[in-house]
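An overview of the molecular structure
Below, each chain spelled out in residue letters.
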Amino acid sequence: MFAKGPSPGARLAVLALLALAIALIYSKTDWFDGVRQRVSDFTIPLYWVTDIPGQVGRWSEDRLASKVSLQEENKALRTEVLVLKRKLQQMASLTAENTRLRQLLNSADTIEDRVLVAELIGVSPDPMKHKVMINRGAVDGVYIGQPVVDAYGLVGQVVEVAKHTGRVLLITDSSHALPVQVNRNGIRLVAEGRGNLSELQLRFVSSTMDIQEGRSAGHLRPRAAFSAGLSRGVGGKGQSRSGQTFCDCDGKTHGGIEPQPACAAGF
Amino acid sequence: MCCWFLIGTARWNLPPKPPPAIEPCPARFLFIVVLVVSLMLALLVSIYPLSPAHSVYRPELLCLVVVYWVLNGPHQLGVGVAWCVGLIQDVVEDGVWGGHALALALVAYIGLMSYRRLRTYSMTQQAFWIFVFVGIHQLFVNWIQGLNGYAAPARYLVISAAVSAACWPLLVLVLREVQRRYRIF
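Everything numeric here is computed off the predicted structure, so don't read it as measured data.

Definitions and limits used
Residues numbered from 1 in each chain as written. Chains lettered and ligands numbered in written order. Predicted model: local features only at pLDDT ≥ 70, side-chain atom pairs only at ≥ 80, totals over all residues. Heavy atoms only, no water. Salt bridge = Lys/Arg side-chain N within 4 Å of Asp/Glu carboxyl O. Helix = DSSP H or I, 4+ residues; strand = E, 2+ residues; numbered from the N terminus. Buried < 20%, exposed > 50% of the residue type's maximum accessible area, 1.4 Å probe, protein only. Pairing = 2+ DSSP bridges. Expected span 1.5 Å × (residues − 1). Bend = angle between axes of the 7 residues up to and from the residue. pLDDT = per-residue confidence, 0-100. Contact = heavy atoms within 4.5 Å.

Here's the deal with the pattern of salt bridges
Per the stated rule, a full pass over the model turns up eight salt bridges over all chains. Asp-33 of chain A is the salt-bridge partner of Arg-36 of chain A, the closest N and O atoms lying 3.7 Å from each other. Of the two residues, Arg-36 of chain A and Asp-33 of chain A both sit in helix α2 (residues 33–64), three residues apart, roughly one turn of that helix. A relative accessible area of 35% means that Asp-33 of chain A is categorised as partly exposed. Here Arg-167 of chain A ties to Glu-160 of chain A by a salt bridge, and the two come within 3.3 Å at their closest N and O atoms. Residue Glu-160 of chain A is classed as buried on the basis of its relative accessible area of 6%. When salt bridges that share partners are traced, they join Asp-33, Arg-36, Lys-131, Glu-160 and Arg-167 of chain A together with Asp-94 of chain B into one network.

So, the pairing of strand β6 (residues 177–182) of chain A
All names here are of chain A. With five bridges connecting them, β6 and strand β7 (residues 188–193) associate as antiparallel partners. If you follow Pro-179 over to β7, its bridge partner there is Val-190. Connecting the antiparallel pair β6 and β7 is a turn made up of five residues, with Gly-186 showing a positive phi of about 80 degrees.

A few points about helix α8 (residues 154–182) of chain B
All names here are of chain B. With 29 residues, α8 should reach 42 Å at 1.5 Å per residue; the first-to-last C-alpha distance of 40 Å fits that figure. Along α8, the sharpest change in direction is near 35 degrees and occurs at Trp-168; proline Pro-169 comes one to four residues later. Every buried residue belonging to α8 is among Tyr-156, Leu-157, Ser-160, Ala-161, Ser-164, Ala-165, Trp-168, Leu-171, Val-172, Leu-175 and Gln-179, and all of these are buried.

Observations regarding unusual backbone geometry
Residue and element names in this part refer to chain B. Phi angles above zero are rare outside glycine, and Asp-94 is one such case at about 60 degrees. Take Asp-94: it is sitting in the loop between α5 (79–93) and α6 (99–120). On the basis of relative accessibility, which here comes to 5%, the residue Asp-94 falls in the buried class.

Considerations on the confidence of the model for chain B
For chain B, per-residue confidence averages 85 on the pLDDT scale, and residues scoring 70 or more make up 85% of the total. A low-confidence stretch, residues 1–12 of chain B (pLDDT under 50), is modelled with 13 contacts involving residues beyond four sequence positions or located in other chains.

Right under this line is the structure:
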């Protein structure tokens, strides 16, 4: 039956050229963007299916938790609430002060507080690619460029919105760069992802900058338009070589960015 | 599917033949069902959520299944089918489109050229060849992914190829059993 039609070699040549053309068009132009948006409505249900074992696991964990562990968790949560309530009081006074100061400066930059809670339904299968899928889409008011936060701060931003789902690019992805500011002294830097979930790289740090290893790098405050006012703790580990004006620093993200079942898209 | 379509068109030029006495239709239909189900399961495995640390060790199951059916299928998969499967994988995985399509078409072509020899090999020898096949597959996928800046370090490719080769005997056992049960030869 294979005597008919073009030979496998000829077919391979044609299809390989076609694949290369598709790849080039996909990566160099935006002609496929419309198709991609529509196609992800069909492909994301597959991610739903693969998430079922995880959901069953979480459900059974909820159902089969022992009384002792529940009591312990309850106790820990109560303690945490106390700490957080104290911080909230401090926060309220600081917010009021901040508003007054901003009024003095005639600044229109206010921090909004609208948060949409989303759940993670899929992770990019490629280990080099740090993208996750969330169960909120255009219908819920998710838009491209929306910052995504977890309990420790900024996680990423929404890069693709389908009807009921969205894709989030994490700040640790190697294609993501983020302008940041050191909380302690206001130094501005660029934090790049490196394809490693627990590391960011600070580019072009001059050797005279006041950045210290460990806690003193403290909090880097993202300064990008999409995420002003959110913070992500980063402890730094500088690698400076003498004779260089600029060096690159590695930073450890606080807590590490683990794909967690729940995260929130804010603002 | 592509080659069946081509055969279908080629028949128009032939003089009309008497219909075959034994109808091969149900067998072929069964084969297509088993093929699609196995490819679908492999696709689900390839997107099963794993943390990036574990994701490195994920076997390239879709590539293995395509190679299996190229080597052992009763109606052989062509380069075109492999290409379409690869494109679907690209679309679902949200990588650079065309990467898996190119790699799977190439692997299917090599499989088509060498299946007579590979069938006679022992399982260990076959597993070694699968290591080479998946290595080529990974090399091309990685090259295309590199267009968007997502090229993986070389050790990831070797690990993936090695894990896939280790999974090959298991896959052969399972799919042979399926073939035996549904009498797809």
